[in-house]
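Listed below, chain by chain, are the residues.
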Amino acid sequence: KGKSKEYWVCTDCGHTEAKWWGACNACKTFGTLKPFVVKEGMDGGKVSGFEVSENAMKSWLPEQNARQGGPVRLADVNRGVNPSEWRIQLNGTFGGEFSRVSGGGVVPGSLILVGGDPGVGKSTLLLQIAALIAESPDNSKSAPVVYISGEESIEQIGNRADRLSINAEDLFLYSSTDVEDILKKVSLLCPRAVVIDSVQTIYLQGVTGSPGGMSQLKECTAALLRFSKKTGIPVLLIGHVNKIGDIAGPRVLEHIVDTVLYMEGEKHSTYRLLRSVKNRFGSTDELGVFEMAESGLQAVLNPSEMFMSEEHSESDHLAGLAVAVIIDGSRTFLIEVQALCVADSIGKHLNGVSTSRADMIISVLKKQAGLKMQDCVIILFTTTLVLHAVAPSVFLNVVSGVSLTETAGDLAVAAAICSRHVFFFLLAHLSHQIFWHLERNYVASLLEFPLPNNVAFIGEIGLGGELRMVSRIEKRVTALAKLGYKTCIVPKSAEKAIAALGFEGLQVVGCKNLKEVIDKVF
Ligand code: TYD
Ligand code: MG
């Protein structure tokens, strides 16, 4: 007794090593291995040797096996069970949104981790969910739900519930940080669900380290998992993740729990996104969209346009701004890509667009559109022309802080740059020759090419400047038609199929490559 064993656990991926290494052998990240001490007895001790007794032989009979918790034949497992019946269904639009993200309702006996930055609204979300589960009992059974907080007192949670106008009769509040105490008290109530706020504040007696430390996080979560599996009571666990996501906790916990939901949102925005990143009981590509209000979170039912800035009207033309259509989960979103090209500063500044993708698009543009601009210069000024190698820095920004991960947004990025850039090489050069007394960027901004407000761009760009087909293009175009867009630029190969769908008022323009896009739009 009293002997302890030391492991090294990667704080990024949860990989365990017996020895310290410079980098994690699993995910190859440097410096992420942290020591993790296990006291003997903590990991359940040694497994004793197996003996096949005569009794055990008999239990190979399927019915007996099932009763004793042994392996069960597949056909016996699924017989007569309707998944939507055993999941806890949540009512209303708010509940529906949460259900969708969690894969169709809360699964009894599952452990769900809800992660997110401090202050993003996790406590609020789960208090509302707890109330909802308590309010919708099936078969009029009473359905207590326990909300446990290690961060706030019962009075504070009560105040919050008041603000959210929650008065579910069967919602129980409890303030504690001792896991054993929590599970004991919870078992007495036999609730329909348990919420624990947060994993960083709870601790298990007999485990080394302070609450929030690696060993406590792992052991507490494992204990909660055993509890939920044994009792069938679902546990919703809150976990704080900081901005870089490098906190030891939730990353390691992802491997233990059944479902991981992340709550995201910008500080200044009232929208909150709930994303499923792991789900043992459903798909992970659903995205929930909520809006924050005084009275709590509300589901946003038509979020297509939520990422658009609203200031401009129908007839506005905006330079350096192009609309892309992306699909996240089963939802379509319109997003705005902004570009700015400045001659005086160097490099790229990207926000929401990946560096490699932006590099590629800019290079293809230089190759494809750059040549064209050179021709212009020569026609206009046949005098001493040595084109300066001007490498203006490009700023790219995706409005509202979402990131553009789909290649379907390539064309919008290119269009945004073009609308700033088409005459840029020309202008930068001219300014040396003729307008040298003017501010270069000022001249450039006079001649940039604004894009009409009701044009959208869909397409992936290949290295030869060709436009490639993207997935689910009909769905994207349908969303545009619904929102009253007038023109949509798509890859040539998609033009016919979309035209056949016959969208009224939406002109679908197919283009083979970037040159064609520039000819047709600018
Ligand atoms: P909170 O739920 O406490 O965040 P977390 O548990 O993730 O740290 O929410 C942070 C603050 O935002 C809190 O003061 C309440 C407020 N808030 C609202 O007023 N309305 C809302 O819809 C949400 C989600 C939060
Ligand atoms: Mg909180």
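As the structure is a prediction and not an experimental result, all values here were calculated from the model.

A. Quick look at the pairing of strand β11 (residues 287-293). One ladder, built from 5 bridges, connects strand β10 (residues 271-279) with β11; its direction is antiparallel. Paired with leucine 273 across the two strands is valine 289, which belongs to β11. Where β11 lies against strand β12 (residues 296-299), 4 bridges are found, and the strand directions are antiparallel. Looking at β12, one finds that methionine 292 is bridged to leucine 297. In textbook terms, the turn of a hairpin is the stretch between consecutive antiparallel strands, and for β11 and β12 this stretch comprises 2 residues.

B. Local environment of the site of ligand 1. Not every one of the 13 residues close to ligand 1 is listed here, only the nearest: Gly121, Lys122, Ser123, Thr124 and Met292. Elements supplying a minimum of two residues to the shell around ligand 1: α6 (122-135), β11 and β12. For the shell around ligand 1, the leading source of residues is α6, giving 3 residues. Residue composition of the shell around ligand 1, by class: 5 nonpolar, 6 polar and 2 charged.

C. Structural view of the sheet that holds strand β6 (residues 171-175). Overall, mixed pairing links the 9 strands, which are arranged β6-β5-β7-β8-β4-β9-β10-β11-β12 in an open sheet. The open sheet has two edge strands, β6 and β12, and neither has a second partner. In this sheet, neighbouring strand axes are inclined to one another by 25° on average, regardless of whether the strands run parallel or antiparallel. Across the sheet, α6 is in contact with β4 (111-116), β5 (145-149), β6, β7 (193-197), β8 (235-240), β9 (259-264) and β12; its angle to β7 comes to roughly 165°.

D. Representation of the environment of alanine 131 in the model. Relative to the assigned elements, alanine 131 resides in helix α6. Put simply, alanine 131 and glutamate 169 are 38 residues apart on the chain and 8.7 Å apart in space, counted from C-alpha to C-alpha. Not counting the four nearest positions on each side in its chain, alanine 131 is found in contact with Ile166, Ala168 and Leu171.

E. Representation of the nonpolar core. Core analysis: the largest hydrophobic core is formed by 67 residues, its most contacted members being Ala130, Ile133, Ala193 and Leu237. With 9 residues, α6 is the largest single contributor of residues to this core. Counting the residues that make up this core, at least three belong to each of domain 1 (4-39) and domain 2 (86-301). In this structure, leucine 237 is in contact with Leu111, Ile112, Leu113, Val114, Ile196, Val199, Leu224 and Val257, ignoring residues within four places of it in sequence. Ranked by size, the runner-up nonpolar core spans 55 residues in total, among them Leu334, Ala358, Val364 and Ile489.

F. Local environment of the packing of helix α15 (residues 473-482) against helix α16 (residues 492-501). Where α15 meets α16, the axes come as close as 11 Å, and the angle between the chain directions of the two elements is 50°. In terms of orientation, α15 lies oblique with respect to α16. The handedness of the crossing between α15 and α16 comes out as right-handed. In contact with Ile473, Glu474 and Val477 of α15, α16 contributes Ala494, Ile498 and Leu501. Residue composition of the contact of α15 with α16, grouped by class: 5 nonpolar, no polar and 1 charged.

Rules of the game
Residues numbered from 1 in each chain as written. Chains lettered and ligands numbered in written order. Predicted model: local features only at pLDDT ≥ 70, side-chain atom pairs only at ≥ 80, totals over all residues. Pairing = 2+ DSSP bridges. Helix = DSSP H or I, 4+ residues; strand = E, 2+ residues; numbered from the N terminus. Near = placed C-beta within 6 Å. Nonpolar A, V, L, I, M, F, W, Y, C, P; charged D, E, K, R; others polar. Axes fitted to C-alpha atoms, helices over the stretch in contact; angles between N-to-C directions. Contact = placed C-beta atoms within 7 Å. Core = buried A, V, L, I, M, F, W, Y, C linked by C-beta atoms within 7 Å. Buried ≥ 20, exposed ≤ 12 C-beta atoms within 10 Å, placed from the backbone. Domains from an automatic or database assignment. Parallel < 35°, antiparallel > 145°, perpendicular 65-115°, else oblique. Left-handed = near helix turned anticlockwise from the far one by under 90°.

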